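# Survey of secondary and tertiary structure
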Amino acid sequence: MEDIWKNVKAVVKKEIPAHSFRMWIEPVEFVKADGNTIVLSCPNFFAKKRVMDHYGAMIEALFKKDTGKNCSISIEIASRQNSVRRRSDANELRIEPQLELPSMPPPPSSGRLLRKNFTFDRFVVGSNSNFAYSAALSLASRQGINHNSLFLMSQTGLGKSHLSQAIGHHILSHFPTENVYYITAEDFTNEMIRAFRNDAIEQFKLKYRNQCDVLLLEDVHFLTGKERTQMELAQALDYLIDADKKIIFTSCHLPAEIPNMSEQLKSRLARSLISHIEIPDFQTRIKILKRKMVEHGCMLPSSVTEYLAGELSENVRQLESGLIGVTAKASLLGEPIDLRLAESVVRNITQRKQAITVDYIKKLVCRQFKISVEEIVSPSRKRAIVRPRQVAIYLARKYTDQPLQAIGKSFNRYHGTALHSIAAVEKGIRSDGSLKKQLEFLCERIESH
Ligand SMILES: Nc1ncnc2c1ncn2[C@@H]1O[C@H](COP(=O)(O)OP(=O)(O)OP(=O)(O)O)[C@@H](O)[C@H]1O
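Residues numbered from 1 in each chain as written. Predicted model: local features only at pLDDT ≥ 70, side-chain atom pairs only at ≥ 80, totals over all residues. Heavy atoms only, no water.

For the protein, an unreviewed UniProt entry supplies the name Chromosomal replication initiator protein DnaA and the organism Desulfococcus multivorans DSM 2059. Word for word, the UniProt comment on the protein under Sequence similarities (unreviewed entry) is "Belongs to the DnaA family." The Subcellular location (unreviewed entry) comment attached to the protein in UniProt states, word for word, "Cytoplasm". (UniProt positions renumbered as here; feature names shortened; annotations may be inferred.)

### A word on the overall build of the protein
When helices and strands are tallied, the protein shows 21 helices and eight strands. When each of the 449 residues of the protein is scored for burial, the buried share is 50%. In the structure as shown, the protein presents an accessible area of about 21,700 Å², 49% of it carried by carbon and sulfur atoms. (Helix = DSSP H or I, 4+ residues; strand = E, 2+ residues; numbered from the N terminus. Buried < 20%, exposed > 50% of the residue type's maximum accessible area, 1.4 Å probe, protein only. Areas by Shrake-Rupley, 256 points an atom, 1.4 Å probe, with all protein chains shown as cover.)

### So, the pattern of salt bridges
Opposite charge on two side chains allows them to pair when their charged atoms are near. Within this structure, the stated rule accounts for 14 salt bridges. The salt bridge involving E186 is made with R430; its shortest N-O contact spans 2.4 Å. Residue E186 is located in helix α8 (residues 185-197), and its partner R430 is located in helix α20 (residues 415-431); the two are separated by 244 residues in the primary sequence. A salt bridge links K245 to D213, with the shortest nitrogen-to-oxygen separation between them at 3.1 Å. One end of the pair, K245, is in the loop between α10 (227-242) and β7 (246-251); the other, D213, is in the loop between α9 (201-210) and β6 (214-218), and 32 residues separate them in sequence. A relative accessible area of 17% means that K245 is categorised as buried. (Salt bridge = Lys/Arg side-chain N within 4 Å of Asp/Glu carboxyl O.)

### Quick look at the site of the ligand
Taken together, 17 residues lie near the ligand, and T156, K160, S161, H162 and K292 sit nearest. Interatomic distance of 2.7 Å between a side-chain N/O atom of K160 and an oxygen atom of the ligand. Residue S161 places a side-chain N or O atom 2.7 Å away from an oxygen atom belonging to the ligand. Calculation on the ligand without its partners gives an accessible area of 640 Å², and the protein chains cover 89% of this total. Counting only elements with at least two residues in the shell around the ligand, the list comes to α7 (160-174) and α14 (316-333). Of the residues belonging to the shell around the ligand, the class tally is five nonpolar, seven polar and five charged. For the shell around the ligand, the domains that each give at least three residues are domain 2 (120-276) and domain 3 (282-355). (Near = heavy atom within 4 Å. Polar contact = N/O pair within 3.5 Å; in protein donor to acceptor, adjacent residues only side chain to side chain. Nonpolar A, V, L, I, M, F, W, Y, C, P; charged D, E, K, R; others polar. Domains from an automatic or database assignment.)

In structure tokens form, the structure reads like this:
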């Protein structure tokens, strides 16, 4: 078994970035095999958690590949066992989203929880994301370029959240006393509104000043049209920038292209290092699929891998759906993973989108709101027309692959108006129960189309 562990280590070394291997896997040692449990040791609590959370599934899959048996791993702390092993149950550790020093109180409330899989180790770097990855890693590790803020921009499903949260994980594990605050722009807005209502705006401001060393702010394009929030955010950013704190923004649009955004905020966003993640090319898609197979402990024939990488070319989320779809279908139906099965899965992923067109959505919404297609594309600003138009634009964005510009055009609107419509509907869903119901109904109709 010890030799098998050496083989497993060698494979892991090829699969993950060199710095991660050196830091996390190299120090792991084989202790014993206890039935189907492989006992390994790590130098400390952090390393144990990191190895279990990020490499556990991969190591188990590789042991299974070499031994032909289902193996699970258990990790002991090599030194200072008694003082550090406050929590020895690996399952308990797995559900903890962020690292915590064993002898320190947990950090103060820190916004949303980071997704445990969104780490640098699990991010496959290709020419499409090389710059963004390096910029994120250098900011997180404080090496290389000297910049404190980063603006990650891409279309949906291309890894913005993954990279921004990877920065959070990295900082929490390397600089555990720092407060990483992860929040979406929508949450920021809601928090600010609540603070105003409760006469607690000073506490709101103080929180960002005093409790935040690293701010991960997702989906800043959501702030379009929200003047007061933009003003508060710009002020919070000024303080954070002056205090040399780290700020990471994600967005589907460049700062200059976010409509209805104050010049004040735009200029602060634009001061960040702007990194664009592009669509991965075929070879990178293959690399991503292979990596995801190791993580999921599954193996696809190369013809199927190439087929999925060829057909599912829009974003990584789609690739992941293809992989999960193929393995789930094969296992549920007891069928082999072959091209025929892969084709049926790909058809389900791509056909639905092809069948739903902007025109289809336009007609459906017009029927629902009892207006004509001519009216919905007309210049009319009457509320009875504006609301259905906004809903149709929102649904077109959700269910079609058309770029926002094209969607706007098919309603005789500019890209900025289309973006504003989406924000208006998102806001309406939260405050207007009848709009929410109407949307649920329309979504159901579209999904069963
Ligand atoms: N380069 C990559 N390597 C590995 N996994 C990736 C990569 N890029 C994206 N993913 C995975 O694809 C999925 C979608 O990524 P993510 O949520 O970061 O996208 P996003 O750009 O933030 O999308 P959205 O704008 O819709 O929020 C996640 O499961 C993520 O782990």
